[in-house]
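Each chain is listed here by its residues.
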Amino acid sequence: MLINFFEQWFAKMKISEFKIPKRYIIVTMVFIGYANMFYLHSNLGMAVVEMTSVKNINLQNGTIDKRADFNWSSHQKGIILSSFSYGRLFSPIGGLLAGKFGGSTIYSIGILVTSLVTFFTPVFLNIHFNVFVITNVILGAFEAFSYASVTQIFSRWAPPDERAKFVSFSVVGANLGSGISFIISGWILSFSNWEALFYISGAASFAWYWIWIFVVKNDPSEDNRMNEQEKNFIKETINCDYNNEKIAYPWKKILTCMPFWVACLIKFSIGSYQTITYLYVPQYLKDTNNIDIKKIGFISMIPQICAVISAPLSGLIGDYIRSHKLLSITNIHKLFMSIGTFSSVLGLMSLVLWSNLTAAIVALSVIQFCGTFTITSVLILFLDFTPKYASFLNSVANVFYTGSLILTPILFGFIVTSQSLYQWNICFVTLSCECLIIGILYLIFGSGEQRSWANYNPKKKDPIEQSKEENS
């Protein structure tokens, strides 16, 4: 009954009369959804700090006792913060489900579960430490389902000449969510306790779930509030009849598709240099430049600001090149992949050659700015060359990305055992070699041309074009 009420209410609003293309509303919803998911993930770090901080406790006898809510060791803190990443290893399951049941359906389920888990986190904490860790794994798994389903949504809603803008705009939402998380979480903790942080963010995410299920549909054919002209436009441009056929995966062709595997390596590379910029910049600046910890937070934001600027710029440039046919689809991807991977090589080697503060900030900013071109490209790549299976293949690639997020800190922890510039340089040289090798492999084996076996309607394509694509 509640669903019918909201359906009727949204119908009376007559959103289509505002003359805003529904696909733009969809990408805006994805943008906000990304911000919401990254906020839920990022506020955990703030909450852990508050939960383990020593506070003054007024006892009934009038004395003051100093103690923390949870006396976790550094090892236990590491388990908590890494457990989320282990959950993301389940991403391929989300990709399969999104392909079978629809991207919007799986995305909404992901939002629902993460909002409920977040809201009841204080309850799980009071049961047992291991219960809290398990719920973090669940949180990571269902957020991974949501990430995977976004690719499926774009495969049904995003025309080819607008994919770069859509994807890059979504990436900005992810950066925004991470950025505002520290501000909002700090504000909540300033007037309340850490439990309120989970209650408020969980409730807000639950409200977002209801908005999503009434606005976003799996594909245009299910949306009764958009005009037929836009429906036909999207249908023709992405070559899809929305016939809801059962997807049968051609496993042999997938497993032998070299462009797919080099794209997975690109995802692994992205995880490596993002680990540096998101997790290790503060520690590196403190070890090598002895900067006051209060200043490090502001300095560390500079590379993130560069990423926010670069994300929409990369989308506009990509769509312009594509719509004006200045380069082939494959060469566009190779160009953008090269910008990110090879600039990372230069940036990491700059950190080795020059260890002063100015050089470090410039190098890290270049890595973030140029790396966004690669992130935008790899997210679009699966929509281009395997649209029918884009959600699943992207989710498999996300396993490589998550693997990098897990392995890179282990590498750094093994090498960097003291405040030694030499040890940091070993890490940077190792990662620069990784980026260089992966970048070269993509230049050799990478492709963006659509596979004939991965198109929604292969009969519509010219047989000569299919032959060319298979040989590319």
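Here the structure is shown first, and the text comes after it.
Below is a summary of the structure that appears in this document.

A short note on the overall build of the protein
At step 1: Counting its secondary structure elements, the protein contains 18 helices and two strands.
At step 2: Sequence separation of 24 or more characterises 80% of the internal contacts of the protein that already satisfy a separation of 6 or more.
At step 3: Just so you have it, the protein exposes about 21,500 Å², and 66% of that area is on carbon and sulfur atoms.

Re the nonpolar core
At step 1: Residues Tyr107, Phe154, Trp212, Phe260 and Phe382 are the most contacted members of the largest nonpolar core, which totals 79 residues.
At step 2: Apart from the residues lying within four places of it in its own chain, the contact partners of Phe154 are Val27, Val30, Phe166, Val167, Ser170 and Leu383.
At step 3: Formed by 19 residues, the second largest nonpolar core is a distinct cluster that contains Ile80, Val133, Leu189 and Leu197.

Remarks on the packing of helix H7 (residues 129-157) against helix H16 (residues 390-415)
At step 1: The geometry of H7 relative to H16 is characterised by a closest axis approach of 8 Å and an angle of 145 degrees between their N-to-C directions. When you trace H7 past H16, the crossing you get is right-handed. Every residue of H16 that contacts H7 at Ala148, Ser149, Thr151 and Gln152 is listed here: Ala390, Ser391, Asn394 and Ser395.
At step 2: Looking at side-chain class alone, the contact of H7 with H16 contains two nonpolar, six polar and no charged residues.

Considering the pattern of salt bridges
At step 1: Under the counting rule described, the total for this entry stands at six salt bridges.
At step 2: Between Lys231 and Glu228 there is a salt bridge; the shortest N-O distance is 3.7 Å. Taken together, the positions of Lys231 and Glu228, both in helix H10 (residues 228-237) and three residues apart, correspond to about one turn of that helix.
At step 3: Given a relative accessible area of 14%, Lys231 falls into the buried group.
At step 4: What you see here is one network of salt bridges that share partners, running through Arg23, Glu162 and Glu230.

Here's the deal with the packing of aromatic side chains
At step 1: Here the structure, examined in full by the defined rule, presents 24 aromatic pairs.
At step 2: When the centroid spacing of 6.1 Å and the interplanar angle of 80 degrees are considered together, the rings of Tyr24 and Phe166 count as edge-to-face. Taken as a pair, Tyr24 in helix H2 (residues 22-51) and Phe166 in helix H8 (residues 163-191) lie far apart in primary sequence, 142 residues in all.
At step 3: Owing to a relative accessible area of 5%, Phe166 belongs among the buried residues under this scheme.
At step 4: Judged by centre distance (6.2 Å) and plane angle (15 degrees), the rings of Tyr34 and Tyr147 are stacked.

A word on helix H15 (residues 357-385)
At step 1: Compared with the 42 Å implied by 1.5 Å per residue over 29 residues, the 42 Å span of H15 between its first and last C-alpha is a close match.
At step 2: Of all the bends in H15, the largest measures some 25 degrees and sits at Gly371.

A look at unusual backbone geometry
At step 1: Residues other than glycine seldom take positive phi values, yet Lys325 does so here, at roughly 55 degrees.
At step 2: Looking at the element boundaries, Lys325 is found in the loop between helix H13 (293-323) and helix H14 (329-353).
At step 3: What makes Lys325 exposed here is its relative accessible area of 71%.

Things to note about the packing of helix H5 (residues 103-119) against helix H9 (residues 194-215)
At step 1: One way to put it is that H5 packs onto H9 with a least axis distance of 7 Å and a crossing angle of 160 degrees. Here H5 is positioned roughly antiparallel relative to H9, judged by the angle of their axes. Here H5 and H9 pass one another in a crossing that is left-handed. For the pair H5 and H9, contact is made by Ser104, Tyr107, Ser108, Ile111, Leu112, Thr114, Ser115, Leu116, Thr118 and Phe119 and by Phe198, Tyr199, Ser201, Gly202, Ala203, Ser205, Phe206, Trp208, Tyr209, Trp212 and Ile213, respectively.
At step 2: Its residues assigned to classes, the contact of H5 with H9 comprises 13 nonpolar, eight polar and no charged.

Digging into the environment of Arg451
At step 1: In this fold, Arg451 is placed in the loop between helix H17 (421-445) and helix H18 (463-471).
At step 2: Residue Arg451 is classed as buried on the basis of its relative accessible area of 5%.
At step 3: Residues Arg451 and Thr386, spaced 65 residues apart in sequence, show a C-alpha to C-alpha distance of 6.1 Å.
At step 4: Only 3.1 Å separates the side chain of Arg451 from the side chain of Ser447, close enough to count as a polar contact.

Let's talk about the side chain of Glu162
At step 1: Note that Glu162 resides in the loop between H7 and H8.
At step 2: Within polar-contact distance, the side chain of Glu162 engages the side chain of Arg23 at 2.8 Å.
At step 3: Ignoring anything within four residues of it in the chain, the contact list for Glu162 reads Arg23, Tyr24 and Asp319.

Thresholds applied
Residues numbered from 1 in each chain as written. Predicted model: local features only at pLDDT ≥ 70, side-chain atom pairs only at ≥ 80, totals over all residues. Heavy atoms only, no water. Helix = DSSP H or I, 4+ residues; strand = E, 2+ residues; numbered from the N terminus. Contact = heavy atoms within 4.5 Å. Areas by Shrake-Rupley, 256 points an atom, 1.4 Å probe, with all protein chains shown as cover. Core = buried A, V, L, I, M, F, W, Y, C linked by side-chain atoms within 4.5 Å. Buried < 20%, exposed > 50% of the residue type's maximum accessible area, 1.4 Å probe, protein only. Axes fitted to C-alpha atoms, helices over the stretch in contact; angles between N-to-C directions. Left-handed = near helix turned anticlockwise from the far one by under 90°. Nonpolar A, V, L, I, M, F, W, Y, C, P; charged D, E, K, R; others polar. Salt bridge = Lys/Arg side-chain N within 4 Å of Asp/Glu carboxyl O. Phe/Tyr/Trp six-rings, centres within 6.5 Å; stacked < 30°, edge-to-face > 60°. Expected span 1.5 Å × (residues − 1). Bend = angle between axes of the 7 residues up to and from the residue. Parallel < 35°, antiparallel > 145°, perpendicular 65-115°, else oblique. Polar contact = N/O pair within 3.5 Å; in protein donor to acceptor, adjacent residues only side chain to side chain.

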